[in-house]
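Structural description and commentary
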Amino acid sequence: MSLKQRSFSFLFSFLLSCALFAQDFEALQYRTIGPSRGGRVTTVTGTPLQPGTFYFGASGAGVWKTEDYGTSWYNVSDGFFKTPSIGAIEIAANDPNIVYVGTGSDGIRSNIISGKGVYKSIDAGKTWEHIGLENAGQIGAVEIDPTNSNIVWVAAIGNAFKPNEERGVFKTTDGGKTWEKVLYVSEETGFADLELLPGNPNVVYAAAWKARRTPWTIDSGGENSEGGIYKSVNGGKDWVKLEDGLPKGLIGKIDLAVSPVDSSILYAVVEAPGDDRGLYKSVDQGKSFVHVSDDERLVNRPFYYTNIELDPTNPNIVYSNANPLIKSVDGGKTWTRMSVPHGDNHDIWLNPDNPDLLIQCNDGGANVSHNGGKTWSTQYNQPTAEIYQVAVDDQYPYWVYGAQQDNTTLAIPSMAPSATSPINGPVMLDVGGCETGPVIPMPGNHYIVYNNCKGRFSVYSKKTGQSREYSIGASNIYGHNPKDLKYRFQRVAPIHVSPYDPKTVYMGSQFLHKTSNGGQNWEIISPDLTANEPDKQVISGNPITRDITGEEYYSTLYSIRESKISKGLIWTGSNDGVISVTKDGGKTWKNVTPKKMPKGGRVESVEPSQFNPAKAYIAVDRHLLGDETPYLYKTDNYGESWELISTASNGIPSDYTTRVLREDTVREGLLYAGTEYGMFVSFDDGTTWKKFQQNLPVTPITDITLFRGDLVLSTMGRGFWILDKVTTLQDEKITQLGDSPVLFQPDDTYRYQTPWGGDFPNYPSTSVIIDYYLPSDVKDGVSLQILDAQGKEVATIVSDSTQLKSTSEKVEDMSLSMTFVYMDEKLETKKGINRFEWNLEQKGAWAKNKRRRYRNGPMALPGKYTAKLTVGNQSFEKQFEILMDPKLEDDGVTMADLQAQQALQLKVIDLLSEARMLQDKVEEKIKELEKANAGESQLQPYKDILKELKNDEGAYPEVVMVAQISYLYYILSGGDKVPGQEEKDRYQELLTQFNALKQKANL
């Protein structure tokens, strides 16, 4: 390419990005479908000043609050926090409006999300201010001086994946305006916990912890000089290390608890080798300790758990949050297991005025108890699920599938699955496999679901509820040194269904495996497709606690995709940074890893183009190696060369680790990227990126799929989200918006009978989504007409009441030829892209109440329609189709049946309109006669007619004509069906009665 051509290309891209970046996609809103089942919560707290108020902080969902003892929860951090990962929450002792939050959860799993410092609220969570320590990494504890809420202490663990100077104990005396690092060990040792002495907050205890994660191991602990417990008696000016009675050798994570009723008592649960592990107790403020218990449950997976708490009224009652939750009533000597709604426990808070009132958290959410833990509030009111990936089936409506960390696989509907679905009643199915997934329904047969569970493949049948396991190697790989394994399967081992045969499934260890019969037989169709460096094939968990769950198995495949346009063209990516491709179904392979890409990253997604077989995209994640840089690449020559499309200046921030990249199914060059902190979109094949977050909460986007025009997302902390109908993004005009209005092409829409939606899950009623662009605010209003195939107006929607008045006309005979015009404030007139959802409603019956007039009409029938947008003196038209619900055809209902039903509906609507109008005229006539002081002989005939038209007042009146016609419309419209003969006969009967009454009234 010549310099002149490159300059022109750059200029074109620059101008295109400027035009695009000026556009606001706020009209395109995501909706959440759940699940409602809670995910991992790492910290909880409450306040005795408001006993029903509690907060919890999740690992990927931000801060949530309840004011009704856990009956309902709502998020308070959205829109304020830069990260959803929460490490500690503390409420000021004397003012429940003052809340401090340390971000970055302390259980450093491989999918942990980085912290972004400390936030403060002075209005009980309504608003938040970021107050510093941006680079402190994960925060283990926050403590507020009970005598002065401007004095706050923070224990910073540090960056979980690399050394950093910004770890240690920090203190502010001015409410977070400035911070002082008052205790520091090294760039590799941070602090997991700290406690203030009750009665004297100048006495401080702090627990040092050397910890780091790599993709292949967990380092928790170090030499004694690198960990342990420190104490200051002068507000952090000076520190001494407490050593008497504590382990002398290797030492790991430590958590502390000081008794509020006896400040001489200090407990510490300590990760240490062998018999040195467990609970230590001091009765002299840390001068000396006694080892009181080496119960292994106290330090079960210490890097992940390790939390103790004391009953605020009794120092002998000790709670240990690990796996399981255990309680001691004799100062830690003996322990009993407590029952909680979920395993994997992290934190507990007890009300100091009533310790039977408490909140506890675990990997299933947060739960409140009023009786000391005998019973708990539900965890099914916290939409904080961590989902690894997303898939959809081909039902109508389609269902969304994924695997929830710390729970089960699940399938939930994308919208209300039936017209009788309960309001606010989420539907959820466990579909085999386990928490890691993937979980993929068989194309063409959603009753069969392919699963993985930590490397074990299975096939689940919805019909029988049975899961048939066909694991490759038929061997349990837990606890092994990976170098000794025949097949190395990552905990989230990938599976992929061939787009050419729904029974052909691929699965990845270090090899690519293939089955054509649901796993009964597997064949290896590749060599080792990973880097397989020997020094990375080691036992995980050093130097103290062995921890081998498959999460740290390195040099395994992590992503697999077969091209949809070239059979046998398969791309793979490994979790140690190797990209491979075969063009012949696995006979020959080529390593096509980008030469300039830093090595060792996790290839989160590979995406073969659906337009060009030589083109593909990859998303690579190196945050586990301490590199948060986004790495997105594309190739257009089968991987011979690659282009980095996530540069430092083209739209994605430099610390937004990339999780997934997907190509649009309709428009080439339209790309969607999911990162650690949200969504991005590119219209120019990755040359530039624009934030595409809208109303999405800040949380990692783990996977993306496009289906039936919808953008479907999974997240690591907030469940599934859907952006309905991205058809507008596929329109070439989206990159050419200027001085003229634009009506975008509406997507074809399935006509479902749906219940009225609730707040959660956000199930929409059936509607045609119509997007349009206005170059400036329009003061005189905008109108939208819906025309049927014959050009007849079905409905006209206007943006203001002035326009409604100008288009209304009085029609005496109430014939349905009158245009159905109504105002809807959602028909926006503001500059930019706007979205309106037409609910398929046609003209209903006349009503005296103008707000109800002509509403509640029948749904438009399947067929071709035209949307006509009028802006000033300009009009724009686009055709679309309303599609019949395929379930109806399966149920024996035909288009002819719907037409017959609607013909009768329109007749009943016409009759109802005339009956209501006659009732209105009769009532007006009676008022007129009464005003003229007419005699009873003149009034009685009209009163008699009114009695036949209108129900009497009071309870259970006899139902008469107007209400009877309305009831006929109700039963006729309750579902899509062939009109029954009784309904037809009843219409004729009511029509005859009405005509006689109308003639009798003679009005």
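Let me sum up the structure you'll find in this document. Note on numbering: residues in each chain are counted from 1, in written sequence order. In keeping with the predicted nature of the model, local features appear solely for residues at pLDDT of at least 70, side-chain atom pairs appear and are counted solely at 80 or more, and the whole-chain, interface and lining totals rest on all residues. Side-chain numbers come from the whole structure's heavy atoms, not from hydrogens or water.

**Section: the overall build of the chain**
Across its full length, the chain holds 8 helices and 65 strands. Its C-alpha atoms give the chain a radius of gyration of 33 Å, near enough to 30 Å, the size a compact globule of 1003 residues would have. Pairs at least 24 apart in sequence give 56% of the contacts found in the chain among residues at least 6 apart. The positive count covers Lys and Arg only, the negative count covers Asp and Glu only, and His and the chain ends enter neither. By convention, charge coordinates are those of NZ in Lys, CZ in Arg, CG in Asp, or CD in Glu. Computing the positive centroid from 102 side-chain charges and the negative centroid from 126, the chain places the two 3 Å apart. Helix and strand definitions here come from DSSP, where helices need a minimum of 4 consecutive H or I residues and strands a minimum of 2 consecutive E residues; each element is numbered from the N-terminal end. Our radius of gyration is a C-alpha quantity, and the globule rule it is checked against amounts to 2.2 Å times the number of residues to the power 0.38. Whether two residues are in contact is decided by their heavy atoms: any pair within 4.5 Å suffices.

**Some words on the pattern of salt bridges**
For this analysis, a salt bridge means a side-chain nitrogen from Lys or Arg found within 4 Å of a carboxyl oxygen belonging to Asp or Glu. Tallied over the full model, the rule gives 49 salt bridges. For D655, the salt bridge goes to K116, with nearest N and O atoms at 2.7 Å. With a gap of 539 residues between them, D655 in the loop between β49 (643–644) and β50 (658–663) and K116 in the loop between β7 (95–103) and β8 (118–121) connect regions that are remote in the sequence. Assessed through its relative accessible area of 25%, D655 is described here as partly exposed. Three exposure classes are used, based on accessible area relative to the maximum for each residue type with a 1.4 Å probe and protein chains only: buried under 20%, partly exposed in between, and exposed over 50%. Judged by relative accessible area, K116 falls into the buried class, the value being 8%. Salt-bridge contacts for D710 lead to K725; the nearest nitrogen and oxygen are separated by 3.9 Å. Here D710, found in strand β55 (residues 710–715), pairs with K725, found in the loop between β56 (720–723) and α2 (727–730); they are 15 residues apart in sequence, far enough to count as distant. D710 sits in the buried class, given a relative accessible area of 5%.

**A closer look at the environment of E948**
Mapped onto the secondary structure, E948 falls in helix α6 (residues 936–949). On a C-alpha basis, the gap between E948 and F994 in space is 9.6 Å, while along the polypeptide they are 46 residues apart. Among residues more than four places away in sequence, those in contact with E948 are V960, M961, L997 and K1000.

**A short note on the packing of helix α7 (residues 961–972) against helix α8 (residues 981–1001)**
With axes taken as lines fitted to C-alpha atoms, and helix axes fitted only over the stretch in contact, angles between N-to-C directions fall between 0 and 180 degrees. Running from N to C, α7 and α8 point in directions that differ by 155°, and their axes come no closer than 11 Å. Considering their axes alone, α7 and α8 lie roughly antiparallel with respect to each other. At the point where α7 passes α8, the crossing takes the left-handed sense. Where α7 approaches α8, its residues M961, Q964, I965, L968, I971 and L972 are matched on the opposing element by E983, R986, Y987, L990, Q993, F994 and L997. Three residue categories are used. Nonpolar comprises Ala, Val, Leu, Ile, Met, Phe, Trp, Tyr, Cys and Pro, charged comprises Asp, Glu, Lys and Arg, and polar comprises the others, including Gly. Residue classes in the contact of α7 with α8 are distributed as 9 nonpolar, 2 polar and 2 charged. Roughly parallel refers to an angle under 35 degrees, roughly antiparallel to one over 145, roughly perpendicular to one between 65 and 115, and oblique to any angle outside these ranges. Left-handed describes a crossing whose near helix is turned anticlockwise from the far helix through less than a right angle; right-handed describes the clockwise counterpart.

**Thoughts on α7**
Here a helix's expected span is defined as the number of its residues, less one, multiplied by 1.5 Å. Here α7 contains 12 residues, and its C-alpha end-to-end distance of 16 Å stays within 8% of the 16 Å for a straight helix at 1.5 Å per residue. Within α7, the full set of buried residues consists of M961, V962, I965, L968, Y969 and L972. End-on, the buried residues of α7 take up no more than an arc of 125°, which puts them together on one face. Looking at the buried side of α7, the elements it contacts are α5 (895–931), α6 and α8. Here, the arc refers to the directions that run from the helix axis to the C-beta atoms.

**Remarks on the sheet that holds strand β33 (residues 439–442)**
Overall, antiparallel pairing links the 4 strands, which are arranged β33-β34-β35-β36 in an open sheet. Both outer strands of the open sheet, β33 and β36 (467–469), are each paired with one neighbouring strand and no more. Pairwise comparison of adjacent strand axes, ignoring direction, gives a mean angle of 25° for this sheet. The criterion for strand pairing is that DSSP finds at least two bridges linking the strands in question. Relative to β36, strand β35 (residues 456–461) runs antiparallel, the two sharing 3 bridges. Bridge pairing links S458 to E469 in β36.

**As for empty space enclosed by the protein**
Using protein atoms alone on a 1 Å grid, points that fit a 1.4 Å probe yet trap it form a cavity, whereas open point sets bounded by protein on both sides within 12 Å along at least five of seven lines form a pocket; residues with an atom within 4 Å of a point count as lining. Grid points are joined across faces, edges and corners, and a volume is the space filled by probe spheres set on the points. The tally for this structure, following the rule as stated, stands at 7 cavities of 30 Å³ or more. Its boundaries defined by the atoms lining it, the largest cavity holds a volume of some 100 Å³. Taken together, 14 residues line the largest cavity, and the ones lying closest to its centre are P215, Y554, N575, R602 and L624. For the lining of the largest cavity, the residue count by class is 4 nonpolar, 6 polar and 4 charged.

**Quick word on the nonpolar core**
Put simply, a nonpolar core is a bunch of buried Ala, Val, Leu, Ile, Met, Phe, Trp, Tyr and Cys residues held in one set by side-chain atoms that sit within 4.5 Å of each other. Counting 34 residues, the largest nonpolar core has L784, I786 and W838 as its most contacted members. Filtering out sequence-adjacent residues up to four positions away, L784 remains in contact with I770, A795, T796, I797, L827, F836, A867, K868 and L869. The next biggest cluster of nonpolar side chains, apart from the first, holds 28 residues, and it includes L918, L939, Y987 and L997.

**Looking at the environment of Q790**
Secondary-structure assignment places Q790 in the loop between β60 (782–787) and β61 (793–798). By relative accessible area, Q790 is classed as exposed at 68%. The spacing of Q790 and K615 is 175 residues in sequence and 45 Å in space, taken between C-alpha atoms.

**Section: the sheet that holds strand β46 (residues 602–608)**
Across the sheet, 4 strands lie side by side as β46-β47-β48-β49; this open sheet has antiparallel pairing. Each of the sheet's edge strands pairs with one partner strand only, and the pair in question is β46 and β49.

**Looking at the packing of aromatic side chains**
Geometry of aromatic contacts follows a simple scheme: Phe, Tyr and Trp rings, the Trp one being its six-membered ring, pair when their centres are within 6.5 Å, and the pair is stacked under 30 degrees between planes, edge-to-face over 60, tilted otherwise. With the rule as written, the count across this model stands at 27 aromatic pairs. Both rings, one in W153 and one in W239, keep their centres 6.5 Å apart while their planes meet at 85°; by these two values the pair is edge-to-face. Placement of W153 in strand β11 (residues 152–158) and of W239 in the loop between β17 (228–232) and β18 (240–242) is noted, with a sequence separation of 86 residues between them. Comparing W153 with W239, the two get one shared label, buried. Taking 6.2 Å as the distance between ring centres and 85° as the angle between the ring planes, the aromatic pair formed by Y487 and F511 counts as edge-to-face. With Y487 in the loop between β36 and β37 (495–497) and F511 in the loop between β38 (505–508) and β39 (512–515), this pair connects stretches of sequence that are 24 residues apart. This pair shows no difference in class: Y487 is buried, exactly as F511 is. Each member of the aromatic cluster is reached from another via a ring pair, and the members are F25, Y30, F683 and F692. Seen from the ring of Y638, K583 lies directly overhead, with NZ or CZ sitting 4.0 Å from the centre. Only when the NZ atom of a Lys or the CZ atom of an Arg is both within 6 Å of the ring centre and within 35 degrees of the ring normal do we say a charge sits over the ring.

**Considerations on the pairing of strand β4 (residues 63–66)**
Because side chains alternate across β4, one face comprises the buried residues V63 and K65, and the other comprises W64 and T66, equally buried. The pairing of strand β3 (residues 54–58) with β4 spans 4 bridges and is antiparallel. Directly across from F56, in β4, lies its bridge partner W64. In this structure, the hairpin formed by β3 and β4 is closed by a connection of 4 residues, where G62 is found at a positive phi of approximately 80°. Two elements, β4 and strand β5 (residues 74–75), share 2 bridges in a ladder whose sense is antiparallel. Bridge pairing links K65 to Y74 in β5.

**With respect to the pairing of strand β34 (residues 445–453)**
The side chains of a regular strand alternate, residue by residue, between the two faces of the sheet. Of all 9 residues making up β34, 7 are buried, and the element is well covered by its neighbours. Pairing analysis gives 6 bridges linking β34 to β35, with the strands arranged antiparallel. Following the sheet pairing, N451 is matched in β35 by S458. The turn linking β34 back onto β35 is made up of 2 residues, and K454 within it adopts a positive phi angle of 55°.

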